[in-house]
Every structure is written in structure tokens, then in C-alpha cells.
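Remarks on the overall topology
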There are 2 protein chains.
Amino acid sequence: MKEFNEEDIKIIEHLADEHNAEGARAEIAGLHPADIAEILRRLPLRDAEWVFNLLDDTEEKADVIMELDEEDRKKLLEGMEPEQIGHFIDLLDTDDAVDLIQELDKEDREEVIQHIDDVEQAGDIVDLLQYDEDTAGGLMGTEMIEVNENLSMPECIDEMRRQAEEIEDIYNIYVVDDDGRLKGVLPLKTMITAPSASKIKHVMERDPVSVRTDTPIEDVAIDFEKYDLVAMPVVDSIGRLAGQITVDDVMDEVREQSERDYQLASGLSSDVDAGDSVWEQTKARLPWLLIGIIGGIVNSLILGGFEAQIQAVTALAIFIPLIGGTGGNVGVQASAIVVQGLANGRLDLKNSARQIGREVLVALLNAIVISSVVFCYVMLTQSELRWVVATSVASSLFAVVIFATIFGTLVPLTLERLKINPALATGPFIQITNDVVGLLIYVGMSTLMLVKLTGV
Amino acid sequence: MKEFNEEDIKIIEHLADEHNAEGARAEIAGLHPADIAEILRRLPLRDAEWVFNLLDDTEEKADVIMELDEEDRKKLLEGMEPEQIGHFIDLLDTDDAVDLIQELDKEDREEVIQHIDDVEQAGDIVDLLQYDEDTAGGLMGTEMIEVNENLSMPECIDEMRRQAEEIEDIYNIYVVDDDGRLKGVLPLKTMITAPSASKIKHVMERDPVSVRTDTPIEDVAIDFEKYDLVAMPVVDSIGRLAGQITVDDVMDEVREQSERDYQLASGLSSDVDAGDSVWEQTKARLPWLLIGIIGGIVNSLILGGFEAQIQAVTALAIFIPLIGGTGGNVGVQASAIVVQGLANGRLDLKNSARQIGREVLVALLNAIVISSVVFCYVMLTQSELRWVVATSVASSLFAVVIFATIFGTLVPLTLERLKINPALATGPFIQITNDVVGLLIYVGMSTLMLVKLTGV
């Protein structure tokens with residue numbers, strides 16, 4: 001397959017600047033639509049538009065559009081008439097078409113749909129638009145091979161041949177009854193090896209893995225991974241075949257979901273990528289940083305009430321970062337395990353009680369090790385009032401580790417119960433909360449110790 | 001499809017305790033191997049072994065084994081003879097067989113391989129074992145349909161029918177020349193719609209996307225996602241078809257890789273899951289917590305040298321958590337963007353200079369906003385020496401944000417260059433380093449300000 005490298009992109013940019021259409025066409029000829037999309041993504045918008053218009057095949061243009069990121073696609077479509085967009089949609093698979101329409105501004109959608117020439121395609125798209133984006137119905141397409149269970153194998157092959165004309169990739173052959181209810185799947189292997197006299201219903205695999213149109217996307221992804229599927233039928237509430245979900249869309253979902261979780265855990269509030277503009281990157285980062293600043297200010301207020309104790313025993317001040325940091329780290333670990341368990345299906349609300357119990361034990365083990373280590377360290381290195389400092393620091397650490405672990409476990413579980421993305425509870429949120437709580441515990445403990453042990 | 005729920009697991013556990021084989025067999029009959037594996041995973045080991053032995057079909061046993069996690073599989077295989085394991089391997093696809101053998105202890109591998117009855121299967125496995133696990137060769141299997149380019153369509157269908165007997169799922173039909181070099185792919189659609197008189201080489205798709213046996217797994221995953229593939233041919237250094245990689249294996253890789261990155265970002269040092277034992281969970285968490293403690297101790301040493309200044313202006317102590325926390329947050333954000341960009345292919349070492357430039361600008365923007373906000377806050381709320389405190393805190397924050405962003409960008413890029421997993425540089429590592437550096441900057445700045453502005 002023809003490939004391209006950094007050098008080629010520079011050449012194309014140069015050709016675009018010179019408006020050398022012939023040269024640029026030769027450079028991109030024979031490239032896969034995904035590769036052309038990548039080149040467009042790396043070019044300045046004006047050059048990208050120019051190169052895009054060099055493609056003379058409308059189908060290739062439509063393919064390239066679908067390979068772009070949502071943002072780049074938006075920019076490119078903004079310069080186009082609804083009529084042109086309608087033509088592209090005519091050529092797309094229905095699932096891609098629906099995605100594209102949903103990305104348009106609400107007022108443009110109607111007009112674009114009016115410009116889809118193929119009435120059947122338009123009807124399928126209007127139907128698909130009814131489904132929630134985060135369900136199987138929102139992910140499925142209607143391009144698939146569907147045969148009646150009563151056909152014989154030769155009839156089935158004729159029927160396939162007829163339907164195949166409108167379908168780009170064939171994954172499965174779905175078998176339905178006279179009412180359109182899904183009855184089975186005919187694997188390609190069976191189609192090749194079954195004796196030609198057989199009726200489909202006698203050689204098909206009955207009871208295939210399927211989902212309903214309202215199944216959440218995360219559950220669809222878990223099924224694909226669990227059963228190693230490449231495509232899966234979607235049925236309506238009375239079992240009629242409604243569409244098909246293919247593995248490429250699921251893989252995109254898995255990647256997007258894990259990137260989203262990872263970003264939330266890292267304090268990035270919206271979807272950003274390494275190539276995004278300075279402004280987009282700042283927008284994604286500043287909110288969490290400002291929340292962190294508020295956390296820091298709350299900490300300063302807590303410590304403001306602690307000034308007398310610090311005046312009395314300055315050594316207490318030097319362990320402040322240790323307490324908050326440990327609480328933050330412990331909380332992030334606990335929440336990460338819960339979020340990941342919920343994402344990969346290992347954990348659900350039904351078996352969460354065991355997880356909480358396990359976490360309490362883990363917290364105890366960690367707390368014992370950490371507070372012992374730190375207690376010894378303080379005793380060995382401090383001179384002034386070392387009992388007060390060592391006991392305050394070690395007992396605060398113990399309490400912080402226990403609190404932060406339980407808090408880090410419960411918050412994502414609670415969010416899941418409230419149907420909010422539990423990944424929101426990872427990273428900075430847990431870090432900052434535990435930092436503040438840790439400091440409160442420390443201030444409380446050391447004030448108590450000071451009063452108890454020295455009478456200050 | 002038959003499904004199971006929490007209730008069923010309790011019933012099976014109960015039946016196992018009673019050794020009621022008939023009842024347990026009825027419970028698991030008709031379940032998918034992946035579901036049986038999930039039930040085994042949730043049962044105590046002894047019960048799991050008992051249920052596993054109720055399966056009387058060796059092929060079903062082999063399928064269930066491959067659906068288990070590596071750890072659970074190990075436990076189950078430990079109780080078996082090499083001969084029995086050899087029988088299972090006979091029935092597995094070669095890629096799964098190789099995975100299973102690689103999980104065995106070195107000394108057991110030879111013996112198990114001796115017990116594979118099918119000589120062809122054994123030969124393929126021995127060949128596949130030569131490849132590095134992290135390359136396309138280590139991921140591929142040898143089960144695929146391979147036809148000569150000079151066949152006619154009817155000959156091709158006969159050949160497929162012959163080969164299909166040994167292959168469970170058919171994804172692609174690969175076309176090779178007389179020397180076995182990959183020449184093209186025959187999509188199922190073409191096979192159905194092409195006129196039967198055509199020769200394969202005239203209707204096949206030429207130049208299909210392929211990888212070499214030594215292509216790293218991450219690049220394979222990027223190609224699958226980019227080109228929306230369900231299977232991909234693997235060729236050797238002179239272009240001969242060597243095997244096939246299927247999308248289910250790639251999806252597992254993508255999930256595992258993102259889970260690994262997410263865990264590293266969250267301070268989990270080895271692979272843990274929500275269901276793992278208390279001991280495994282503690283083992284995965286304690287190392288990073290102890291590193292955090294060391295960071296905290298380093299901080300206490302830095303602050304120890306700062307006691308005189310704190311004695312002079314106690315207000316300086318109360319902003320300590322703010323400085324370290326912000327440095328940590330900024331660094332984690334920057335490193336997360338780099339790690340994710342490297343994982344999804346958006347960023348590579350060749351285009352990293354632009355990323356660094358962009359990060360410097362993002363850092364400046366964030367630094368200006370954050371230090372202005374905090375400067376105003378301190379000026380409005382502090383009374384004692386407020387110019388000293390406000391200037392120290394704001395200028396330290398400014399310096400910390402710039403440093404932490406650049407550091408967070410450069411460290412993962414450097415690791416990538418050294419071929420070390422860049423995700424190691426996220427989460428706690430960056431957090432702790434920036435916490436320490438932030439504090440150093442703060443101590444330095446405020447000492448300087450004190451001397452300059454007050455002459456203390």
C-alpha cells in the first residue's frame with residue numbers, strides 16, 4: 001500500500017501554496033482515505049480545503065470526511081452548502097451519516113436531510129436519529145445482509161448477491177423469520193461448507209449474541225470483547241432485527257472512553273489531543289488548575305488557624321506537604337481501581353460491597369506500613385518535641401490513608417449509582433479533596449497532641 | 001443466548017459444595033465459554049476446578065481456558081499434567097496456543113510441546129514461538145484462507161471449502177503468488193459478486209494493508225483503528241504471507257495498553273483489577289506510596305532549611321501546599337497529553353518540537369492567569385508583610401507552572417526516545433518531582449524577597 005511521511009506533507013503544503021493542482025493530485029493519488037485525512041489534519045485549514053477539493057470522486061471525498069476528527073470535519077463542512085453535504089451523506093453508511101448529521105448545528109440538520117436523494121437512505125437515517133447516541137441504536141447502521149430462515153442455500157446465495165450490491169463490507173448473514181425477528185446467524189464458514197440442499201434454518205447458528213437498541217454503549221463494548229465479535233445484531237423490543245454494530249465503531253468507542261477516563265484522571269476537563277491549538281489546550285487545563293488553586297487557598301485558610309501552633313513548634317510546618325500528598329496519592333489509587341473495574345465490567349454496583357471490604361483491608365495494611373516508617377523517621381531526625389511531632393505526623397498519616405482510600409472508593413461508586421461518569425471522581429478532584437481533608441486531620445491531631453503532651 | 005446472573009453463581013457455588021454434578025451441569029449447559037470462564041473466575045479455586053472438570057468436551061474446556069485471565073488460567077493449569085495441556089493446545093488456534101505456552105514455566109514448555117499430537121500444529125507453534133511477544137509475529141496466528149492468484153473463482157471456492165474445515169472463523173481470503181508472496185485480498189463481497197469465469201488475480205484488491213512480522217504491536221493497533229480492519233495479513237521480510245492478526249486480539253491489546261497507562265498515571269505499579277486479593281492490591285500500591293513518602297521527606301528537609309524564614313513570616317508557611325500542588329497538577333496534565341499522543345499516534349518523536357513549542361505557550365498563559373489570581377488573593381487577605389508574601393507566592397507559582405509544564409512534556413518524550421514506556425513518567429512520578437521542585441523554587445524566591453524587601 002502507498003504510504004506517506006513527514007517529507008510528503010511538506011511537499012504537499014508547498015504545492016498547495018503554489019496552487020500546483022497537478023503535482024498535489026499526483027502526491028495523494030492512491031492513498032487510503034484515512035491517510036488523506038491525516039494529511040489534511042496536518043495542513044493549515046486553507047491548504048486542507050484546497051487539497052480536499054482536488055479529490056474528484058464524491059465517494060472518496062465522503063470517505064475522507066468520515067476519517068477526519070470531529071473538529072476538523074466541522075471546520076471543513078462549515079464552508080459547504082447543505083446540498084453538497086446531502087450528497088456526501090447519500091454515499092455514507094447510515095451509522096456514519098447519523099454521526100455526521102448529529103455534529104451539525106440543529107438548524108442545518110433539517111435542510112441537509114432534505115438534500116439526501118436516496119429516499120430509502122433518508123428514511124433509515126431519520127429512523128436512526130431517534131436513538132440516544134450512547135445506546136446500541138445510536139451506534140448501529142442498517143447496512144447488513146438479512147435473509148429469511150425458510151430459504152434454501154442457493155436461494156440464500158442469490159439473495160446475498162442481490163443485497164451485497166449496496167453493502168461495502170459483509171460481516172455476518174442474519175437470519176430472520178417472516179415477521180423480521182432475528183432467529184440466527186449464518187457464519188461464512190457454514191455458507192461455504194453446508195450441503196446446498198439444506199434450508200438455512202437447519203444450518204444456521206441459533207440464538208446469536210445480540211443487544212437491544214436501548215443497550216448502553218459500554219455494555220455493547222464489553223460484549224464485543226467478551227465474545228470476540230466482529231459484528232453484532234441489534235434488535236428492537238420485540239426481537240425484530242433493527243441494525244448491526246461493527247467492531248471498528250466499538251473499537252473507536254473503547255479508545256475514546258479510555259482516553260476520556262485517562263484525561264479526567266490527569267486533570268484535563270475536555271477532549272484535547274497533542275496536536276490541538278494553544279487555546280484549546282489552555283481551555284482544557286485551566287479549569288482544573290483553578291480548582292486546584294481554590295484547594296490551595298482552602299489549605300492556606302486551614303493553616304492560617306494553625307499559625308500559633310507553627311509558631312510554637314516550627315517542625316510541624318515541615319511535614320505539611322507529606323500529609324496532603326499521601327492522602328492525594330492514596331485516594332487516586334483507590335478511585336482508579338474502581339473506575340477501571342466499572343469500565344471493564346469486573347466491578348458493578350451489585351458486587352461493590354466486597355470491593356469496599358477489600359479496600360478497608362488494603363487501607364489498613366498501607367496505613368500501618370506508612371505511618372510506622374514515618375514515625376521512625378521523625379523520631380530519628382527531629383530533636384525539638386519529637387514525640388509531639390512524630391505522634392502527630394504518624395497518626396494523621398494513618399487516619400488520612402484510611403479516609404482517603406474509603407473516600408476514593410465510595411465517590412466513584414456513588415457517581416455510578418447516580419449515572420454520572422465515575423471517572424470524574426479520579427485525579428485532581430480526589431487529589432485536592434484528600435489534600436484538604438488530610439491537612440484538617442493533621443491540624444486537628446497536632447493541636448490535640450500539643451495540648452495533651454505539652455499543655456501549650 | 002442463555003445468560004447468567006449473580007444468583008446463578010451462588011447456586012453453582014452451592015451445587016459445587018454439595019458435589020451435585022448433575023445440577024451444576026444443567027446450570028452451565030448452553031452457556032458461552034466466555035460466560036463459563038466468568039463463573040469460574042468468581043468461584044473459589046477448588047469449586048472452579050470441580051466445575052471445569054464437569055465439562056466433558058475437550059474443545060469446550062480449551063475454549064474456556066483461553067477465556068480466563070492469565071492469572072486464573074495459571075492456577076487452573078497448575079493442577080494438570082503436561083499431556084492434558086498438550087491436548088488442549090492441539091485444539092486451540094495457534095495464536096492462543098502460543099500465548100498459553102508462553103505463560104508456562106520455561107521447564108514445562110518443552111514437555112507440553114512434545115504432547116501436541118498434530119505435527120503441523122506443533123510445527124506452526126514452534127515457528128510462532130520465535131517471534132517477540134510485542135511484535136506482529138507474536139500476535140498473529142496461522143489459521144487463514146490462502147489461495148493462489150492464478151486460480152479461477154470456482155477453483156478458489158473449492159480451495160476455500162477445503163481449507164475452511166480447519167478454520168473456525170473466516171475473515172479474509174489472502175491471495176499469494178507461486179512463491180507465497182502476498183499479492184492481494186479477496187473481499188467476501190467480491191467473491192459473491194464476481195463473474196465465475198474471472199481469475200482471482202483480476203478481481204482481487206491489490207496491495208492490501210499489511211504489516212511485517214517485526215512491526216511493534218502498538219503500530220499494528222494504530223493501523224487497525226486507522227483503516228477499520230477486522231483482520232490483517234502479516235508478511236516476512238521478503239513479503240511472504242506468514243500469518244494473520246485478528247481484531248479481537250488487537251482490541252485486547254488496546255484495552256490492556258490503555259489500562260496500563262491509566263494505572264501508571266494513577267500510581268499503581270503492577271497490573272491490578274478490582275477483584276484482586278488484598279495482598280496483590282497492596283503490592284501494587286505501596287511502592288508508589290513509599291516513593292511519595294520519600295518525596296514528602298525531601299520536602300521536609302527543604303522546609304527544615306526554611307525554618308528561620310517561617311519564624312520571621314509565618315504567613316509564608318500557609319501557602320506551601322498551594323505551590324507544590326499546582327506544580328504537580330500542571331506536570332500531570334502536560335505529561336498526560338504527551339503520553340496519550342504517543343499512544344494514539346498523534347505525536348511522534350519527529351513532530352515533537354512543535355509540541356514543545358505549543359506547551360511553552362500554554363504554560364505561559366496558565367502561569368499568567370494563575371499567578372495573577374493568587375497575587376490578588378494574597379494582597380486582599382494578608383496583612384503582615386503582604387508584598388513579600390504576595391510576590392513570593394505569585395512569582396513562585398509562575399516559575400513552577402513553566403517548569404512543571406516543560407518538565408512534564410520533556411520527560412515522557414525522553415523516555416520514548418530511550419524506548420522506555422513513557423507512561424512511567426505520568427502520575428505520581430511527575431507529581432512528586434514537581435512538588436519537590438516547586439517547594440525549592442518557593443523557598444528560594446521567598447528567601448530572596450525577604451532579604452530584598454525587608455532586609456531580614
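Details of the structure are given in the entry above.
Keep in mind the model is a prediction, meaning the values are calculated, not measured.

**Quick notes on the sheet that holds strand 3 (residues 182-186) of chain A**
All names here are of chain A. Strand order in the open sheet formed by four strands is 1-2-3-4, and the pairing between neighbours is mixed. Each having just a single partner strand, strand 1 (145-148) and strand 4 (205-206) make up the two edges of the open sheet. Sheet topology note: the strand 1/strand 2 (residues 173-176) ladder contains four bridges and is parallel. Bridging across to strand 2, Val 147 finds its partner in Val 175. In the packing of helix 12 (residues 153-164) onto the sheet, the strands contacted are strand 1, strand 2 and strand 3, and the crossing angle to strand 1 comes to about 150 degrees.

**Thoughts on the packing of helix 16 (residues 247-265) of chain A against helix 19 (residues 320-344) of chain B**
It is at 11 Å that the axes of helix 16 of chain A and helix 19 of chain B come closest, and there the two elements cross at 165 degrees. On the basis of the axis angle, helix 16 of chain A is roughly antiparallel to helix 19 of chain B. Helix 16 of chain A and helix 19 of chain B meet at a crossing whose hand is right-handed. Taken together, the residues of helix 19 of chain B that come into contact with helix 16 of chain A (itself represented by Arg255(A), Glu259(A), Tyr262(A) and Gln263(A)) are Ala336(B), Val339(B), Gln340(B), Ala343(B) and Asn344(B).

**Concerning the sheet that holds strand 2 (residues 173-176) of chain B**
Residues and elements named next belong to chain B. The strand order across the open sheet formed by four strands is 1-2-3-4, and the pairing between neighbours is mixed. Across the chains shown, the open sheet's two edge strands, defined by having one partner strand only, are strand 1 (145-148) and strand 4 (205-206). Where helix 12 (residues 153-164) meets the sheet, its contacts fall on strand 1, strand 2 and strand 3 (182-186), and the angle it forms with strand 1 comes to roughly 150 degrees.

**Considerations on the relation of the copies chain B and chain A**
Rotating chain B by 180 degrees and translating it 0.1 Å along the rotation axis places it on chain A, where the RMSD comes to 0.2 Å. The two molecules are tied by a two-fold rotation axis, judged by turn and shift. Take the interface residues of chain B: 98% of them recur as interface residues in chain A, which is what a same-surface contact looks like.

**A word on the pattern of salt bridges**
Two side chains of opposite charge can pair, provided their charged atoms sit close to one another. In the structure shown here, the tally under the stated rule is 28 salt bridges over all chains. The salt bridge partner of Arg73(A) is Glu103(A), with a shortest N-O separation of 2.8 Å. Remark: Glu103(A) occurs in helix 8 (residues 94-103) and Arg73(A) occurs in helix 6 (residues 70-78); sequence separation between them is 30 residues. The exposure class of Arg73(A) is buried, given its relative accessible area of 5%. Overall, Glu103(A) belongs to the buried group, its relative accessible area being 13%. Residue Arg181(B) is joined to Asp179(B) by a salt bridge in which the shortest nitrogen-to-oxygen separation is 3.3 Å. Judged by relative accessible area, which is 33%, Arg181(B) ranks as partly exposed. Taken together, the salt bridges that share partners define one network made up of Asp35(A), Glu38(A), Arg42(A) and Lys226(B).

**Details of a nonpolar patch on the surface**
Residues and elements named next belong to chain A. Taken together, the side chains of Val 360, Leu 361, Leu 364, Ile 368 and Phe 398 present a nonpolar region at the surface, about 380 Å² in accessible area. With four residues, the single largest contributor to the nonpolar patch is helix 20 (residues 352-381). Among the secondary structure elements, Ile 368 is positioned in helix 20. On the basis of relative accessible area, Ile 368 is assigned to the partly exposed category, the value being 45%.

Definitions and limits used
Residues numbered from 1 in each chain as written. Chains lettered and ligands numbered in written order. Predicted model: local features only at pLDDT ≥ 70, side-chain atom pairs only at ≥ 80, totals over all residues. Heavy atoms only, no water. Pairing = 2+ DSSP bridges. Helix = DSSP H or I, 4+ residues; strand = E, 2+ residues; numbered from the N terminus. Contact = heavy atoms within 4.5 Å. Axes fitted to C-alpha atoms, helices over the stretch in contact; angles between N-to-C directions. Parallel < 35°, antiparallel > 145°, perpendicular 65-115°, else oblique. Left-handed = near helix turned anticlockwise from the far one by under 90°. Least-squares fit on C-alpha atoms with pLDDT ≥ 70 in both. Salt bridge = Lys/Arg side-chain N within 4 Å of Asp/Glu carboxyl O. Buried < 20%, exposed > 50% of the residue type's maximum accessible area, 1.4 Å probe, protein only. Patch = residues over 30% accessible without salt bridge, like charges linked within 9 Å, V, L, I, M, F, W, Y side chains within 5 Å. Areas by Shrake-Rupley, 256 points an atom, 1.4 Å probe, with all protein chains shown as cover.

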